Number of protein chains: 2
Amino acid sequence: MNARARRSQEEMLADIRAAALAELTEVGIGRMSMAGIAQRSGTARTSLHRRWSSPTEILLEAVEDSYPQETVSPGLDDLRGDLIRALEFLVDWTATPTARAVESILAERARHPELAQALYERVFDQKGGRFTRTVLMHYAEHGYLDPALVTDVVTDIGEALVLKHFADSGSPPDAVLLARIVDEAVLPAVGVPPVVGRES
Amino acid sequence: MNARARRSQEEMLADIRAAALAELTEVGIGRMSMAGIAQRSGTARTSLHRRWSSPTEILLEAVEDSYPQETVSPGLDDLRGDLIRALEFLVDWTATPTARAVESILAERARHPELAQALYERVFDQKGGRFTRTVLMHYAEHGYLDPALVTDVVTDIGEALVLKHFADSGSPPDAVLLARIVDEAVLPAVGVPPVVGRES
């Protein structure tokens, strides 16, 4: 227990979050337990109960912690680049262990609807709702795009096409495809006419 | 066996396909067997082996048989309506038992890549590749759309947004949302500028 005792608060938190993700993968949402997470992370159950009310609380916090926050470049002169970078955040995130946790939570939504709902409200919505939405809203607020065109359907186009590519091919879109998604689908929807043969 | 003996060829085929779907749901792709399908459908194993080389062949045929073929209305004056109807085919299909079979096949793609590949090549690609693609290609071929704008990214927009709505909400998009997907995302990508406040 000496090595354990020397863990910093941050290391312990990281261990606990990793344990929650491992617990989810191995036993499933319905059978996750504080005891299991305590054992996997080498932490006392009582310590866990002091801070979290349930295993899924730890899980949500782990997802929240690793979920990227889309950013906008300084100036308002790179809508295209900002949109591509927003989709890169999504692609990078899908390679993390929490992405698989999110997949499990959504696959089990029929049995655990409250967990899926918490995921949207406490994580996705807090981080901008959809990748590309923060960027599009920013340019619209500053008069570079018609705000009426930045609808929920339009802010979902980039994310939908990236995830569709995963579903169809089993692999992430490359840089060329991300640029094409922005040029051929996202920009036309906000009033930038599609250009044939645009270079990426 | 008297009732069985009186089944028509078509009834027997329907029973066998339904049995393949049930077998998939209950035992999974890796453990599907001709014996299992024979038993569930009340058919002799030898009959199955005469026509199909494996259980997944029966499964693919079942999916192929129920997968809708997108159509184009006579005349070339209803691009918007044709696109909405194309997405309705997709929504209607997702309520069928074969949609769940497709979901299982794609979820198991890492373990059974050849089956996922066969699904795309023998079913999806044969039926137009993507919902809305047949319509968009048709209008482009007749000079109503610039063919260079009808790319693989663009023909995937409608299907991606419909499936994304399922993933986010767990339920199918309604008629209003389907029309908005066409107006706000698909049409702008093929050069029809987005219109603010367009009625659906």
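Thresholds, definitions, all that
- Residues numbered from 1 in each chain as written.
- Chains lettered and ligands numbered in written order.
- Predicted model: local features only at pLDDT ≥ 70, side-chain atom pairs only at ≥ 80, totals over all residues.
- Heavy atoms only, no water.
- Axes fitted to C-alpha atoms, helices over the stretch in contact; angles between N-to-C directions.
- Helix = DSSP H or I, 4+ residues; strand = E, 2+ residues; numbered from the N terminus.
- Parallel < 35°, antiparallel > 145°, perpendicular 65-115°, else oblique.
- Left-handed = near helix turned anticlockwise from the far one by under 90°.
- Contact = heavy atoms within 4.5 Å.
- Nonpolar A, V, L, I, M, F, W, Y, C, P; charged D, E, K, R; others polar.
- 1 Å grid on protein atoms, 1.4 Å probe; cavity = no way out; pocket = protein on both sides within 12 Å on 5 of 7 lines; lining within 4 Å.
- Points joined across faces, edges and corners; volume = space filled by probe spheres on them.
- Buried area = accessible area lost by both parts, 1.4 Å probe.
- Salt bridge = Lys/Arg side-chain N within 4 Å of Asp/Glu carboxyl O.
- Polar contact = N/O pair within 3.5 Å; in protein donor to acceptor, adjacent residues only side chain to side chain.
- Expected span 1.5 Å × (residues − 1).
- Bend = angle between axes of the 7 residues up to and from the residue.
- Buried < 20%, exposed > 50% of the residue type's maximum accessible area, 1.4 Å probe, protein only.
- Least-squares fit on C-alpha atoms with pLDDT ≥ 70 in both.
- Core = buried A, V, L, I, M, F, W, Y, C linked by side-chain atoms within 4.5 Å.
- Domains from an automatic or database assignment.

With an unreviewed UniProt entry as reference, chain A is termed Transcriptional regulator, TetR family, source organism Actinoalloteichus hoggarensis.

(A) Expanded view of the packing of helix α11 (residues 175-189) of chain A against helix α11 (residues 175-189) of chain B. Relative to each other, α11(A) and α11(B) sit at 130 degrees, their axes nearing to 8 Å. It follows that α11(A) is oblique to α11(B) by the angle criterion. Considering how the two elements wind past one another, α11(A) and α11(B) form a crossing that is right-handed. Residue-level inspection shows E184(A), P188(A) and A189(A) of α11(A) in contact with α11(B), the latter providing E184(B), P188(B) and A189(B). Partitioning the contact of α11(A) with α11(B) into residue classes produces four nonpolar, no polar and two charged.

(B) Layout of the layout of surface pockets. Taken as a whole, the second largest pocket spans an internal volume of roughly 270 Å³. Forming the walls of the second largest pocket are 14 residues, and the residues nearest its centre are H165(A), R130(B), D152(B), V153(B) and D156(B). Mapped by element, the contributors of at least two residues to the lining of the second largest pocket are α10 (157-169) and α11 of chain A. Here the lining of the second largest pocket takes five residues from α10(A), the largest share from any one element. Its residues assigned to classes, the lining of the second largest pocket shows four nonpolar, four polar and six charged.

(C) Expanded view of the interface of chain A and chain B. Contacts between the two partners involve 33 residues from chain A, matched on the other side by 33 residues from chain B. For the pair chain A and chain B, the two sides together bury roughly 2,400 Å², of which 62% comes from carbon and sulfur. If you sort the residues of chain A by the area they bury against chain B, V153(A), K164(A) and D168(A) come out on top, with a joint share of 23%. Where chain A packs against chain B, one counts eight salt bridges. In this structure, E159(A) and K164(B) form a salt bridge, with 3.3 Å as the shortest nitrogen-oxygen distance. Along the contact surface separating chain A from chain B lie 16 residue pairs in polar contact (both at pLDDT 80 or more).

(D) How the structure looks around α11(B). Its 15 residues place the ends of α11(B) 21 Å apart at the C-alpha level, agreeing with the 21 Å of an ideal helix rising 1.5 Å per residue. The largest bend in α11(B) is about 30 degrees, located at V182(B). Among the 15 residues in α11(B), 12 count as buried, and that is most of the element. Considered for burial, the residues of α11(B) that qualify are L177(B), L178(B), A179(B), I181(B), V182(B), D183(B), E184(B), A185(B), V186(B), L187(B), P188(B) and A189(B). For α11(B), the secondary structure elements touched by its buried residues are α10 and α11 of chain A together with α6 (79-94), α9 (133-141) and α10 (157-169) of chain B. Just downstream of α11(B), G191(B) is the residue with a positive phi angle, here 95 degrees.

(E) Region of interest: the relation of the copies chain A and chain B. Relative to chain B, chain A is turned by 180 degrees and slid 0.0 Å along the rotation axis, the superposed coordinates differing by an RMSD of 0.0 Å. What the superposition gives is, in effect, a two-fold axis relating one chain to the other. When the interface residues of chain A are mapped onto chain B, 100% of them again fall at the interface, so both copies present the same face.

(F) Representation of the nonpolar core within the structure. Ranked by internal contacts, the top residues of the largest apolar core, which has 120 residues, are L136(A), I157(A), L136(B) and I157(B). The residues contacting L136(B), other than those within four sequence positions of it, are L79(B), L83(B), L145(B), V150(B), V154(B), T155(B), V186(B) and V190(B).

(G) Main features of the environment of V154(A). Positionally, V154(A) belongs in the loop between α9 (133-141) and α10. Taking the relative accessible area as the measure of exposure, V154(A) reaches 1% and is therefore buried. Sequence spacing of V154(A) and L136(A) is 18 residues, and the spatial spacing of their C-alpha atoms is 9.3 Å. In contact with V154(A), not counting residues within four places along its chain, are L136(A), L149(A), A189(A), V190(A) and E184(B).

(H) Main features of the domain arrangement of chain A. Residue and element names in this part refer to chain A. With domains assigned, chain A is organised as domain 1 (2-63) and domain 2 (68-189). Contact residues are listed per partner, giving 10 residues for domain 1 and 13 residues for domain 2. Taken together, the two surfaces of domain 1 and domain 2 that pack against each other cover about 1,000 Å², and 83% of this comes from carbon and sulfur. If you sort the residues of domain 1 by the area they bury against domain 2, I29, L60 and V63 come out on top, with a joint share of 60%. At the junction of domain 1 and domain 2, the tally comes to one salt bridge. Here E57 ties to R122 by a salt bridge, and the two come within 3.2 Å at their closest N and O atoms. Across the contact surface, domain 1 and domain 2 share one residue pair in polar contact (both at pLDDT 80 or more).

(I) Expanded view of the pattern of salt bridges. Scanning all chains against the criterion turns up 36 salt bridges over all chains. Where D156(A) meets K164(B), a salt bridge forms, and the shortest distance between an N and an O atom there is 2.8 Å. With one member in each of two chains, D156(A) in the loop between α9 and α10 and K164(B) in helix α10 form a pair that bridges those chains. Taken together, the salt bridges that share partners define one network made up of R130(A), D156(A), E159(A), K164(B) and D168(B).

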